[in-house]
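# Notes for the structure review
Listed below, chain by chain, are the residues.
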Amino acid sequence: MLFGYTIIYVPDVEAAVSFYEKAFQLKRRFVHESGTYAEMETGSTLLAFAADELGEMNLPEGYRKNVLSDKPAGIEIVFVSDDVAGAFTWAISAGATAVSQPETKPWGQTVAYVRDLNGVVIELASPM
């Protein structure tokens, strides 16, 4: 089995795609004409966005929507960069919300945390 992709349910797919292009310099791979689904180029594994309406259809018993004003879900997305401080500054200037400044961990990796426009936690990390 291979890990295929991550899908984040969001209220506005186009807004999420535009934000990730600006904040994390990702490229859009595919946007469905309905505007309810999109994929970003992220390497061997895809990052995708689906409209909350698809989430409601796929998960009929409900789910906790991603909202910046709520506490984040217990999951994070990690983007690896050789310049974590620069990536952090870039993301903040593009509208990400700072969670924690870049810090070198005891194991030598530098990490920082931000939240996207929908409150999803993003870790910015140096390579291991």
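Computed from a predicted model, the values in this text were never measured in an experiment.

On to the pattern of salt bridges. Evaluated as defined, the whole model comprises six salt bridges. Where Glu41 meets Arg29, a salt bridge forms, and the shortest distance between an N and an O atom there is 3.6 Å. Of this pair, Glu41 sits in strand S3 (residues 37-41) while Arg29 sits in strand S2 (residues 27-31), and the two are twelve residues apart along the sequence. Its relative accessible area of 40% is what places Glu41 among the partly exposed residues. Salt-bridge contacts for Lys105 lead to Glu103; the nearest nitrogen and oxygen are separated by 3.7 Å.

Owing to its 3.6 residues per turn, the α-helix aligns residues three or four sequence positions apart on the same side. With twelve residues, helix H1 (residues 13-24) should reach 16 Å at 1.5 Å per residue; the first-to-last C-alpha distance of 16 Å fits that figure. The set of residues buried in H1 consists of Val13, Ala16, Val17, Ser18, Phe19, Tyr20, Ala23 and Phe24. The backbone nitrogen of Glu14 lies 3.2 Å from a side-chain oxygen of the residue at the head of H1, namely Asp12. A positive backbone phi angle near 55 degrees is found at Gln25, which sits one or two residues after H1.

A few words on the nonpolar core. Formed by 27 residues in total, the largest nonpolar core has its most connected members in Tyr20, Phe24, Leu47, Phe49, Phe79, Ile122 and Leu124. Breaking this core down by element, the ones donating at least two residues are strand S1 (5-10), H1, S3, strand S4 (46-51), strand S5 (76-80), helix H3 (84-93), strand S7 (110-115) and strand S8 (121-125). Here Tyr20 is in contact with Ile8, Gln25, Leu26, Met40, Leu47, Phe49, Ile77, Phe79, Asp116, Val120 and Ile122, once residues within four sequence places are set aside.

Across the five residues that make up S3, a large majority, four, are buried. In this sheet, S3 lies alongside S2 in antiparallel orientation, the contact comprising four bridges. Of the residues in S3, the one forming a bridge with Lys27 is Glu41. Hairpin connection between S2 and S3: a loop of five residues separates the two successive antiparallel strands, and Gly35 in this loop has a positive phi of roughly 75 degrees. Of the strand pairs in this sheet, S3 and S4 are connected by four bridges, and their pairing is antiparallel. Across the sheet, residue Met40 finds its bridge partner in S4, namely Leu47. Taking the residues that link successive antiparallel strands as the turn, the S3-S4 hairpin has four residues, and the phi of Gly43 there is positive, at about 105 degrees.

All right, on to the environment of Asp116 then. Looking at where Asp116 falls in the secondary structure, it is placed in the loop between S7 and S8. Taking the C-alpha atoms as reference, Asp116 lies 21 Å from Glu56; in sequence the two are 60 residues apart. What Asp116 contacts, discounting residues up to four positions off in sequence, is Phe19, Tyr20, Leu68 and Ile122. For Asp116, the side chain forms a polar contact with the side chain of Tyr20, separated by 2.7 Å. Within the structure, Asp116 has its side chain in polar contact with the backbone nitrogen of Val120 (distance 2.9 Å).

The rules we used
- Residues numbered from 1 in each chain as written.
- Predicted model: local features only at pLDDT ≥ 70, side-chain atom pairs only at ≥ 80, totals over all residues.
- Heavy atoms only, no water.
- Salt bridge = Lys/Arg side-chain N within 4 Å of Asp/Glu carboxyl O.
- Helix = DSSP H or I, 4+ residues; strand = E, 2+ residues; numbered from the N terminus.
- Buried < 20%, exposed > 50% of the residue type's maximum accessible area, 1.4 Å probe, protein only.
- Expected span 1.5 Å × (residues − 1).
- Polar contact = N/O pair within 3.5 Å; in protein donor to acceptor, adjacent residues only side chain to side chain.
- Core = buried A, V, L, I, M, F, W, Y, C linked by side-chain atoms within 4.5 Å.
- Contact = heavy atoms within 4.5 Å.
- Pairing = 2+ DSSP bridges.

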